[in-house]
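# Structural characterization, general
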Amino acid sequence: MDHVEVRRRTYHDSVRLMQASAAVQKVPGVEVALIAMATDLNLGLLEDLHFDVPGDTTPDDMLIALRVAGGDVVAGALAALDAALVAAPASDGGMTAAPPPHLLSSAARGADLNLGLISVPGPHAFVEAADALRSGLNVMIFSDNVPVGQEVALKRLGVELDLLVMGPDCGTAIVGGVGLGFANAVKPGPVGIVGASGTGTQHISCLLDDAGVGISHALGTGSRDLSTDVGALATLQGLAALDEDPATEVIVIVSKPPAPEIAARVREAAAACTTPTVMCLIGEETLEDGAAAALAALGREAAPARSWEAPDAGHRPGTVKGLFSGGTLRDEARMVLAGLMGAEAAAGLEMIDFGDDEYTRGRPHPMIDQRLRLEHLGATAADPSFGVALLDVVLGYGSHADPASELAPVIEKATEAGLAVVVSLCGAAGDPQGRDLQAELLNEAGAAVFLSNAAAARHAHALAEGGAA
Amino acid sequence: MSRLERLLTGEPRVATAGIDLLAEGVEAQGAAVTRTEWHPPLEGTEDALAAITAAVDLRAANEEAVGRLVGTHPHWTGMAVAREVMEMGERTFLHAGPPLQWDDCSGPMRGALVGAMLYEGLAATPEEAIALGPEIELSPCHHHRAVGPMAGVISPSMPVSVIEDAAGDGVSYATLNEGLGKVLRYGAFAPEVIERLKWIETVLGPVLADVLARGGPIDLRSIIGQALQMGDDGHNRNRAATSLLLRQLAPPLIGGEGPHRDEVFRFVEGNDHFMLNLVMAAGKIGVDAASGVPGSSMVTAMARNGTEFGIRLSGTGDAWFTAPAPVVDGLYLGAFTAEDANADIGDSAITETVGLGGFAMAASPAIVGFVGGTASGAVQRTLAMYEITLAEHPDYKVPILESRGTPTGIDAARVVRTGVLPVINTGIAGKEPGVGMVGAGIVEAPVACFTQAVQALAEEVARA
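As a convention, each chain's residues are numbered from 1 in the sequence order in which they are written. Working convention: letters from A go to chains and numbers from 1 go to ligands, in the order in which they are written. Only residues with pLDDT of at least 70 are given local features in this predicted model, and only at 80 or more are side-chain atom pairs given and counted; all residues enter the totals for whole chains, interfaces and linings. Computation of side-chain values: all heavy atoms of the structure, hydrogens and water removed.

### Thoughts on the overall build of chain A
Keep this limit in mind: Here a strand is any run of E in DSSP of at least two residues, a helix any run of H or I of at least four, and the numbering for each starts at the N terminus. We compute the radius of gyration over the C-alpha atoms and compare it with the globule rule, which gives 2.2 Å times the number of residues raised to the power 0.38. Three labels apply to residues, based on accessible area from a 1.4 Å probe with only protein chains included: buried if under 20% of the type maximum, exposed if over 50%, partly exposed otherwise in between. Throughout, a residue-residue contact means that at least one pair of heavy atoms, one from each residue, lies within 4.5 Å. For the accessible areas, the method is Shrake-Rupley and the probe is 1.4 Å, while residue cover comes only from the protein chains on display. This count recognises Lys and Arg as positive and Asp and Glu as negative, with His and chain-terminal groups excluded. We put the charge of a Lys on NZ, of an Arg on CZ, of an Asp on CG and of a Glu on CD.
Looking only at helices and strands, chain A features 17 helices and 18 strands. A compact globule built from 469 residues would reach a C-alpha radius of gyration of about 23 Å, and chain A, at 24 Å, matches this within 12%. In terms of overall dimensions, chain A has C-alpha extents of about 65 × 60 × 40 Å along its principal axes. Looking at chain A residue by residue over its 469 residues, the buried ones come to 57%. The long-range fraction of contacts in chain A, counting pairs at least 24 apart against all pairs at least 6 apart in sequence, stands at 75%. Carbon together with sulfur atoms contributes 53% to the accessible area of chain A, which is approximately 17800 Å² in total. Mean positive and mean negative side-chain charge positions of chain A (28 and 60 charges, respectively) differ by 2 Å.

As structure tokens, then:
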């Protein structure tokens, strides 16, 4: 039987609702559970699942749709839901304890705060961020789907107020040794990063960490900062701030190749810095190259990043299939493969980015929830046209707590079926998941593991060509 | 060191809005995080909020407005006759709340207007007055620099207190409070009601004029500030403020010449709400000073006419944004029930508009039983109002909150962003004219007033 319920004006963020859905899903007798805000998208999902769609809902309402074995299951499922939705209890300071603030500007009142981390739905991020800036907070906007005009307005306001606007669509930053969003537990050190690509920033910081060089700050700018519209406002501001920062000895700018006039503007600003500055434009060069250039600027030589080779178990012939959780690493791998096999052949490879909107609608990012990718890895193993699977695993704060434990059994089966598995592991030794432990688990399951994404791609190509890596 | 450089020295001090997972990630590194309970804005306000944010420096506009509000220093300087100071014709009757037509008047409003027509001698009987009703000119007190409790009716012959701003050129007016029981403001028009109004006109008004001429002006801001230390909220409880006022009135009253001084003393002493009208007029000086700041989303009026609840914003001039007046959730006197209650009525929500009443409930544990609450609940209500207000009042302070200033200057933008509605601590009028007060309780201002107001402000800033 089906149970569909609407809770009016009840808001929870999508991650919490997904966690709640998962908790309800575990209740015996629950076949399907969809707990979501009543957006058009989610109403569509409800329809796809053949539930009766309630009329007269607004996106501020919460939907609860359960398909259960019998009516007696519903009460238990709802109890599990309510338990999952209970927020962390407010501090108990007696009757005069203030309720938790609703707005960042309220939180900032009378408190010594300097950074607002915003992950509200995109259409609301502008108002929240502008208010936070006017309250004296720097902001990091994790939210995406923010109109570019609003991004420009926020960044201009940031410049006017001498406050940094990281984002929108900024997934990674490290400020004063604290990782924000998806970031790795890298050592403190002399390299400052200004990154328009979150995963690119993570990867470079991990490669430097592996080479024994730490990070002063990694300032995210959001993926559109170097577009003609935005004009690198945050990149230029971040560059100037790092140039003034006494802890930063070398600055690395990480981005996809920008429009020529923007690139020129950034190069001009970089040349004016007293701190040596390295530009790593993903697509023109690898992140490995970027890390090496930063090391060279520090007068150090780059050595190949660490890897855990797998014994060649005699994998089957076939092409490379990419199963990535992020677009940056996927694009870099394709670029490396194109260099080895020709652009046309590389373009013909199936290289999926599970972080793309197409795969993340209605479910968490693959760096948090690997289920879809695991299914695809299983399917790849079952398809004899593929000889090598190339995938990334991103560790650090914000990511899945133990990705290897879920991947290992699937990798084991895949390698038994004759599929070679190559993992690009983006992680720092200090990451909460335990990078070396993760690498060993994946390696024991039969995967070759590389800290350098480019090296992983090269290895995958060599395996597909039938030679040794 | 620039602000941005300061971010890069030491650990970041982070607050989060949105996904809990991101807050947890920062906490996992041992850094402190302030989490907000973020909620999407009220439906239909998202585009308006974005438009206002893009067009104006809302924070600066609101700081200007609330600065003007708390910068006023109202004093009771004298008495006047309404028609002489308030630009009204012989058939003009001022009333509480947003604009109103005779046909839409609730029971107590209609009763009060009937009483006022009898008092002015425009009609000899209630029936004649009702027949005359459609012909009189109705106008909100708020449009005449005045405010009135409950029906709030002011007719041309009534004596009014004159309140002036010692820190500016503002002035406001209010009638003298009639006390409880059968009174005009609750819609009573029996002969004794009219007699009392005549006594107020011929005895109370002139004696107070004399007292103020010799012992005034009286600093209302100072009295209100002290009264909050003594358990008043400034709306439903004015016992301390009235006592403090009487202490100031007493020497010139006793020391003066002429008859009726004992009557006046006993009348003020016997009416715990005598100060209410003066608190309201003091608030009116503040909101009038704060009105007209371009782009400001600060509320400059919350008022009810017994039919509709209306608000005005500083940045939208004289426009009212109205919704049906709600029924107050409260405790009822004697055998009265919610069935007997009129919809919310009166300009007295001016007190909440300036940081008193429901916003100062934490200062008034003595009132919470009366309005059906608990002491801890009262503290929580005041604390919740800081979220939607722009400043803490420099002189109106709450002892139990370590003398924190009361939450002052309601920001309509923050109301629609948070869904937190202003809480009003009010009396309940009977819906039959003349029944009087049937209870007291708490009411929230209607959502629709704020969504309309924010939408109108967005249009206003787009035009500018």
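### A closer look at helix α15 (residues 403-416) of chain A
All names here are of chain A. Defined as follows: Multiplying 1.5 Å by the residue count of a helix minus one yields the expected span of that helix.
For α15, spanning 14 residues, the distance from its first C-alpha to its last is 20 Å, which sits close to the expected 20 Å at 1.5 Å a residue. Among all positions of α15, only P403, A404, L407, A408, I411 and A414 are buried. Those residues of α15 hidden inside the fold are in contact with α14 (371-382), β16 (386-394), β17 (420-426), α16 (435-444) and β18 (447-450). At the C-terminal side of α15, G418 shows a positive phi close to 100°.

### Considering the sheet that holds strand β3 (residues 62-68) of chain A
Residue and element names in this part refer to chain A. Selection rule: Strands are labelled as partners when DSSP assigns at least two bridges between them. Inter-axis angles, ranging from 0 to 180 degrees, are taken between N-to-C directions of lines fitted to C-alpha atoms, where helices are fitted over the stretch in contact.
Taken in spatial order, the three strands line up as β1-β3-β2 in an open sheet, and their pairing is antiparallel. Two strands bound the open sheet, and with one partner strand each, they are β1 (2-7) and β2 (30-37). Direction aside, neighbouring strands of the sheet carry axes that sit 10° apart on average. Here β1 runs beside β3; their pairing, made up of six bridges, is antiparallel. If you follow H3 over to β3, its bridge partner there is L66. The sheet contacts of helix α2 (residues 40-48) involve β2 and β3, and relative to β2 the element is tilted by about 165°. The sheet strands contacting helix α3 (residues 72-85) are β1, β2 and β3, and the helix crosses β3 at an angle near 140°.

### Examining the nonpolar core
Note the following rule: We call a set of buried residues a nonpolar core when its members are Ala, Val, Leu, Ile, Met, Phe, Trp, Tyr or Cys and they connect through side-chain atoms within 4.5 Å of each other.
Ranked by internal contacts, the top residues of the largest apolar core, which has 123 residues, are L66 of chain A together with L113, V153, M302, I311 and F450 of chain B. Contact partners of L113 of chain B, with chain neighbours within four places excluded, come to F93, W102, C105, I136, L138 and V153 of chain B. C170, V178, I204 and C273 of chain A belong to the second-largest nonpolar core, a separate cluster that totals 85 residues.

### Describing the sheet that holds strand β7 (residues 171-175) of chain B
All names here are of chain B. An order of β7-β6-β3-β8 is seen for the four strands of this open sheet, with the pairing classed as antiparallel. At either margin of the open sheet sits one strand with a lone partner, and together these are β7 and β8 (218-219). The sheet contact formed by strand β6 (residues 159-165) and β7 spans five bridges and is antiparallel. Its bridge partner being in β7, E164 is matched across the sheet by V171. Set on the sheet, helix α8 (residues 191-215) makes contact with β3 (74-81), β6 and β8; between it and β3 the angle comes to about 135°.

### Observations concerning the packing of helix α7 (residues 198-210) of chain A against helix α10 (residues 287-297) of chain A
Residues and elements named next belong to chain A. Just so we agree on the cut-off: For classification purposes, angles smaller than 35 degrees are called roughly parallel, those larger than 145 roughly antiparallel, those between 65 and 115 roughly perpendicular, and all remaining angles oblique. Should the near helix be turned counterclockwise from the far one by less than a right angle, the crossing is left-handed, whereas a clockwise turn marks it as right-handed.
As a packed pair, α7 and α10 sit with axes 9 Å apart at the nearest point and diverge in direction by 50°. On the basis of the axis angle, α7 is oblique to α10. Both α7 and α10 take part in a crossing whose hand is right-handed. Contacts from G200, H203, I204, L207 and L208 of α7 reach α10 at L287, E288, G290, A291, A294 and L295.

### Some remarks on the interface of chain B and chain A
Heads up, the rule is: By buried area we mean how much accessible surface two parts lose on assembly, using a 1.4 Å probe and totalling the loss over both. Any Lys or Arg side-chain nitrogen found within 4 Å of a carboxyl oxygen on Asp or Glu counts as a salt bridge. Two N or O atoms form a polar contact when they lie within 3.5 Å of each other; inside protein one atom must be a possible hydrogen donor and the other a possible acceptor, and for residues adjacent in sequence the pair counts only when both atoms belong to side chains. Polar here means any residue other than Ala, Val, Leu, Ile, Met, Phe, Trp, Tyr, Cys and Pro, which are nonpolar, and Asp, Glu, Lys and Arg, which are charged; Gly is therefore polar.
Facing the 59 residues of chain B at the interface are 66 residues of chain A. Summing both partners gives a buried area of about 5900 Å² for chain B against chain A, and 61% of it is carried by carbon and sulfur. Broken down residue by residue, the surface that chain B buries against chain A is led by L8, R13 and W38 of chain B, which jointly contribute 13%. Counting across the chain B and chain A interface gives five salt bridges. Between D57 of chain B and R134 of chain A there is a salt bridge; the shortest N-O distance is 3.1 Å. If you look at where chain B meets chain A, you find 28 residue pairs in polar contact (both at pLDDT 80 or more). Looking at which element gives the most residues to the side of chain B that touches chain A, the answer is helix α15 (residues 375-385) of chain B, with six residues. Of the residues assigned to the side of chain B that touches chain A, the class counts are 30 nonpolar, 14 polar and 15 charged. Relative to strand β1 (residues 14-17) of chain B, strand β4 (residues 115-118) of chain A is paired through four bridges, and the arrangement is parallel.

### Looking at the domain arrangement of chain B
Short version of the rule: Domain extents, as shown, originate in an automatic or database domain assignment.
Domain annotation for chain B reports domain 1 (3-36), domain 2 (46-69 + 291-463) and domain 3 (73-280). Summarising the inter-unit geometry, the C-alpha centres of domain 1 of chain B and domain 2 of chain B are found 33 Å apart.

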